[in-house]
Each structure stands twice: as C-alpha cells, then as structure tokens.
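Listed below, chain by chain, are the residues.
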Amino acid sequence: DVKVTQSSRYLVKRTGEKVFLECVQDMDHENMFWYRQDPGLGLRLIYFSYDVKMKEKGDIPEGYSVSREKKERFSLILESASTNQTSMYLCASLIRSSPSDTQYFGPGTRLTVL
Amino acid sequence: AQTVTQSQPEMSVQEAETVTLSCTYDTSESNYYLFWYKQPPSRQMILVIRQEAYKQQNATENRFSVNFQKAAKSFSLKISDSQLGDTAMYFCALFWQGGSEKLVFGKGTKLTVNP
C-alpha cells in the first residue's frame, strides 16, 4: 500500500511565525506535490518537486517555499505566516504505473493562523 | 491552458439510488488522463477511478463508472446503489504527459447520501 504521511493533522500558529509542514512517502517516489484546498476553489498547486533539491513553482507559490533534502521528505515552509494562509494543505506523491501515473495523497494538515 | 469544470457544487441522493456527477474539461493535449478523487469528511483524499483518453471503453470500479465523451470533453461519474459512506467531496482531475506531472482539479462537488 502507498503511504503518504503528513506531520500534523491540525496546526494552530500565530501571524508572523515560521511554519513547517512535512510530508513523507515510503515508496521512493521522485515527484511530490503540495496543494492548498479551500472551499469553492478546489485544490491549487503550490509547489512540486521532481527530485532531491529540485523544485518548481505551481500556481500559487507566493508566501511559500519548499525543501527537498531527501527523496522521501518534502517540506512546505511558510516564512511568515499570515491569516490568509489558513487552509487545508495536502501533500501528494506520484506513482509511475501502467496505464497511468497517479498521485496519491496524504491525510492533510488543517492550518489555522491567528 | 488546461481547465476542469465541475458545475454542481452540491448534490444529494437517497441511499440505494444512482447519482451522476458532471465534469467537463478543456485541453489541447492528445495524451491525457482523467481521474475522480473522493474526500470523505475529515478523511483522506482517495482515488476512485481513472480513465485513459486513448481508451474508448468507459472505466468501471465496482459501483463507480464513468461516461467519457471525448469529443464533448465530458467525464461524468456515476455512482450506483449509493451508500452512506459515499458522502464526500468529489474532485475531477486532469493529468497530461509532459505537463510536469501536474494535476489540474475542478472545484469539487459535495455529495450527500441521505438515509
């Protein structure tokens, strides 16, 4: 079974704090993704990584950065958290399979910034 | 640009009945795949079903099936014999080769199955 885990299910932080959200997959996948999920907006891609130390911006990278020092771990960083970053954050990992590559998701981290 | 549209923000169905969720998409790619994901309340997003664009046959997974109309760029999900556990947000998503393996999601349909 594919296993994608996220460090916290719920997190409460204060405005201006530096926040780390961690995602770990145990299947040696190359591609990993961070999404943000908001009601009425669906899932929007923040950043993704296709290998160690490699990253690319998604559709809404502003206010976020990422780190991929080891293949199994992909971290999302909020340098200075703001209230408009209150959201559900989903990590996903890509499995290369036939007939189609497929993303599998972690359980999500619900972040509240006060 | 690739887009996915789910025009039904919310739907409800009675237990044991059949419901169809709509999804339309737009892409200029020829090699692409379509997915339906399910996200139960406070639970993990899971893959329900996927369809390869090059296949004419509609995908089925137990009570879940799709109606893939390539020319119309339509990809609806049919849930037969609805169960209470089918209550969830459902997301339609598009993936294409050469697109950095990104998924583009619709905004979701909230399905409630009533007893």
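A short tour of the structure in this document, coming up. (Residues numbered from 1 in each chain as written. Chains lettered and ligands numbered in written order. Predicted model: local features only at pLDDT ≥ 70, side-chain atom pairs only at ≥ 80, totals over all residues. Heavy atoms only, no water.)

A word on the overall build of chain A. Looking only at helices and strands, chain A has 0 helices and 11 strands in total. Each helix and strand of chain A, ordered N terminal to C terminal, gives the series β-β-β-β-β-β-β-β-β-β-β. Against the compact-globule benchmark of 13 Å for 114 residues, chain A has a radius of gyration of 13 Å, which places it among compact chains. Overall, the C-alpha framework of chain A stretches about 45 × 30 × 25 Å when taken along its three principal axes. Sorting the 114 residues of chain A into buried and exposed places 50% on the buried side. (Helix = DSSP H or I, 4+ residues; strand = E, 2+ residues; numbered from the N terminus. Rg over C-alpha atoms; globule rule 2.2 N^0.38 Å. Buried < 20%, exposed > 50% of the residue type's maximum accessible area, 1.4 Å probe, protein only.)

How big an interface is tends to be expressed through the accessible area that disappears when the partners come together. Residue-level contacts link 21 residues of chain B with 27 residues of chain A. Three residues stand out in chain B for area buried against chain A, namely Gln 44, Arg 50 and Glu 101 of chain B, and they jointly supply 25% of the buried area on that side. The interface formed by chain B and chain A contains 0 salt bridges. At the boundary of chain B and chain A, one finds 5 residue pairs in polar contact (both at pLDDT 80 or more). For the side of chain B that touches chain A, the secondary structure elements donating two or more residues are β5 (32–39), β6 (46–52), β10 (88–96) and β11 (103–105) of chain B. For the side of chain B that touches chain A, the element with the most residues is β5 of chain B, which contributes 4 residues. Class assignment of the residues belonging to the side of chain B that touches chain A gives a composition of 10 nonpolar, 6 polar and 5 charged. (Contact = heavy atoms within 4.5 Å. Buried area = accessible area lost by both parts, 1.4 Å probe. Salt bridge = Lys/Arg side-chain N within 4 Å of Asp/Glu carboxyl O. Polar contact = N/O pair within 3.5 Å; in protein donor to acceptor, adjacent residues only side chain to side chain. Nonpolar A, V, L, I, M, F, W, Y, C, P; charged D, E, K, R; others polar.)

Time to look at the sheet that holds strand β1 (residues 4–6) of chain A. All names here are of chain A. One open sheet accounts for 4 strands, arranged β1-β3-β8-β7; its pairing is antiparallel. Two strands close off the open sheet at either side, each with one partner strand: β1 and β7 (65–70). With direction set aside, neighbouring strand axes in the sheet form an average angle of 20°. Pairing analysis gives 6 bridges linking strand β3 (residues 19–25) to strand β8 (residues 73–78), with the strands arranged antiparallel. Within the sheet, the bridge partner assigned to Val 24 lies in β8 and is Arg 73. (Pairing = 2+ DSSP bridges. Axes fitted to C-alpha atoms, helices over the stretch in contact; angles between N-to-C directions.)

What follows deals with the pairing of strand β12 (residues 109–114) of chain B. Residues and elements named next belong to chain B. Here β12 shows one buried face, formed by Thr 109, Leu 111 and Val 113, and one open face, formed by Lys 110, Thr 112 and Asn 114. Where strand β2 (residues 10–14) lies against β12, 5 bridges are found, and the strand directions are parallel. Directly across from Met 11, in β12, lies its bridge partner Leu 111. Taken together, the 3 bridges between β10 and β12 define a ladder with antiparallel strand orientation. Its bridge partner lying in β12, Ala 88 is registered against Leu 111.

Across all of its chains, the model carries 15 aromatic pairs over all chains by this definition. Summarising the aromatic geometry, the rings of Tyr 37 of chain B and Phe 105 of chain B are spaced 5.9 Å apart at their centres and angled 50° between planes, so their arrangement reads as tilted. Of this pair, Tyr 37 of chain B sits in strand β5 while Phe 105 of chain B sits in strand β11, and the two are 68 residues apart along the sequence. Under the relative-accessibility criterion, Phe 105 of chain B is labelled buried at 8%. One aromatic cluster is present, formed by Phe 33, Tyr 35, Phe 48 and Phe 105 of chain A together with Tyr 33, Phe 35, Tyr 37, Phe 91, Phe 95 and Phe 105 of chain B through successive ring pairs. The ring of Phe 74 of chain A carries Arg 68 of chain A above its face, with NZ or CZ at 6.0 Å from the centroid. (Phe/Tyr/Trp six-rings, centres within 6.5 Å; stacked < 30°, edge-to-face > 60°. Lys NZ or Arg CZ within 6 Å of the ring centre and 35° of its normal.)

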